[in-house]
Amino acid sequence: MRDEILKRQDPEINEILKNAKVSILGCGGLGSNIAMVLARCGLGEIHIYDYDQVELSNLNRQNYDQNDLGKSKVIQTKKKIEASLPYTKVYAKEVLIGKENLDQISEKTDIFIEAFDKKEMKSLVFEYFLGRYDKKLIMASGLSGLGDFSDIKVKKIENVTMVGDFKSSPDQGLYAPYLGIVANLEALLALKIIIGERNGK
């Protein structure tokens, strides 16, 4: 089944992704969409972390529907992926990420995607992972409003890669098209890291 689903992709890349794993920190507008995109690409293993439940205000941009209301975001994301793409193993952890559990979380994979709304959470993981060269962190900064694609940039600081416009703020509103661009770019960066590492780049 996996080969049939992924037959429009490069078979060599499919084999690389089959054994790859990524952790996604947060499962809202960014994380729920990133998880599904990576699974669609054929990623072998995804670890997702969030403590939140689905509410009505999530439905305009997050990968949930009305049947998910009041339920755990990570559990519902796991169910959606497993129902659509059974070749991806999804590990869902209902947890609030903090200093006390980042050591344990960081042991699961080598690639991490930050998908938080709150600045303090973004700062927490940035400070934790920066300079840990055995780990790669992908972050988003600036994904609000209805900005232009030309505003989006990619910046690298040591082992951390950041994507976004680096200027928009949540008071400009959160809209699925612009947020989706950033989510997909985070997923794309993860794939490039995986493929580059396997090819010795």
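For the structure itself, look to the data block above.
Before going into details, it helps to say that this report is about the structure given with it. (Residues numbered from 1 in each chain as written. Predicted model: local features only at pLDDT ≥ 70, side-chain atom pairs only at ≥ 80, totals over all residues. Heavy atoms only, no water.)

1. So, unusual backbone geometry
Reasoning step 1: In this structure, E158 takes a positive phi of about 55° despite not being glycine.
Reasoning step 2: Residue E158 is classed as exposed on the basis of its relative accessible area of 51%.
Reasoning step 3: A positive phi is found at F166, a non-glycine position, where the angle reads about 60°.
Reasoning step 4: Counting through the fold element by element, F166 comes out in the loop between strand 7 (160-164) and helix 7 (176-198). (Buried < 20%, exposed > 50% of the residue type's maximum accessible area, 1.4 Å probe, protein only. Helix = DSSP H or I, 4+ residues; strand = E, 2+ residues; numbered from the N terminus.)

2. So, helix 3 (residues 31-41)
Reasoning step 1: Counting buried residues in helix 3 gives eight out of eleven residues, a clear majority hidden from the surface.
Reasoning step 2: Listing the buried residues of helix 3 in full gives G31, S32, I34, A35, M36, L38, A39 and C41.

3. Here's the deal with the pattern of salt bridges
Reasoning step 1: Under the criterion given, the structure shown has eight salt bridges.
Reasoning step 2: A salt bridge links K80 to D68, with the shortest nitrogen-to-oxygen separation between them at 3.0 Å. Highlighted residues: K80 in helix 4 (residues 73-84) and D68 in the loop between strand 2 (45-50) and helix 4, separated in sequence by twelve residues. In this pair, the class of K80 matches that of D68, namely buried. (Salt bridge = Lys/Arg side-chain N within 4 Å of Asp/Glu carboxyl O.)

4. Some thoughts on the environment of D68
Reasoning step 1: In this structure D68 comes out as buried when scored by relative accessible area, which is 4%.
Reasoning step 2: Residues D68 and G173, 105 residues apart in the sequence, show an inter-C-alpha distance of 23 Å.
Reasoning step 3: Beyond its immediate chain neighbours, meaning those up to four positions away, D68 contacts V54, Q76 and K80. (Contact = heavy atoms within 4.5 Å.)

5. Some words on the nonpolar core
Reasoning step 1: By size, the foremost hydrophobic cluster in this structure holds 42 residues, and its most contacted members are I24, L30 and L38.
Reasoning step 2: Elements with a contribution of two residues or more to this core: helix 2 (11-18), strand 1 (21-25), helix 3, strand 2, helix 4, strand 4 (111-114), strand 5 (136-140) and helix 7.
Reasoning step 3: In terms of residues, this core owes the most to one element, helix 7, which gives ten residues.
Reasoning step 4: Those residues in contact with L30 that sit more than four places away from it in its chain are E114, A115, A140, L143, L179, V182, A183 and E186.
Reasoning step 5: By size, the runner-up hydrophobic cluster in this structure holds 17 residues, among which are I105, V125, F129 and M162. (Core = buried A, V, L, I, M, F, W, Y, C linked by side-chain atoms within 4.5 Å.)

6. Description of the sheet that holds strand 7
Each strand in a sheet pairs with another by means of backbone hydrogen bonds, the pair being arranged parallel or else antiparallel.
Reasoning step 1: What the seven strands build is an open sheet, ordered 3-2-1-4-5-7-6; its pairing is mixed. Each having just a single partner strand, strand 3 (89-94) and strand 6 (153-157) make up the two edges of the open sheet. Strand-to-strand, the axes of this sheet are offset by a mean angle of 20°, without reference to chain direction.
Reasoning step 2: Of the strand pairs in this sheet, strand 2 and strand 3 are connected by six bridges, and their pairing is parallel. Bridge pairing links I46 to V90 in strand 3.
Reasoning step 3: Along the sheet, helix 4 contacts strand 2 and strand 3; its crossing angle with strand 3, the most-contacted strand, is approximately 170°.
Reasoning step 4: Here helix 6 (residues 119-129) sits on the sheet and contacts strand 1, strand 4, strand 5, strand 6 and strand 7; the angle it forms with strand 5, its principal contact strand, is near 155°. (Pairing = 2+ DSSP bridges. Axes fitted to C-alpha atoms, helices over the stretch in contact; angles between N-to-C directions.)

7. What to know about the packing of helix 3 against helix 4
Reasoning step 1: It is the contact of helix 3 with helix 4, at a shortest axis distance of 10 Å, that shows an interaxial angle of 25°. Taken together, helix 3 and helix 4 sit at an angle that is classed as roughly parallel. The interaxial crossing formed by helix 3 with helix 4 has right-handed handedness. For the pair formed by helix 3 and helix 4, the contact residues are S32, A35, M36 and A39 on the first element and T77, K80 and I81 on the second.
Reasoning step 2: Looking at the contact of helix 3 with helix 4 residue by residue, the class counts come to four nonpolar, two polar and one charged. (Parallel < 35°, antiparallel > 145°, perpendicular 65-115°, else oblique. Left-handed = near helix turned anticlockwise from the far one by under 90°. Nonpolar A, V, L, I, M, F, W, Y, C, P; charged D, E, K, R; others polar.)

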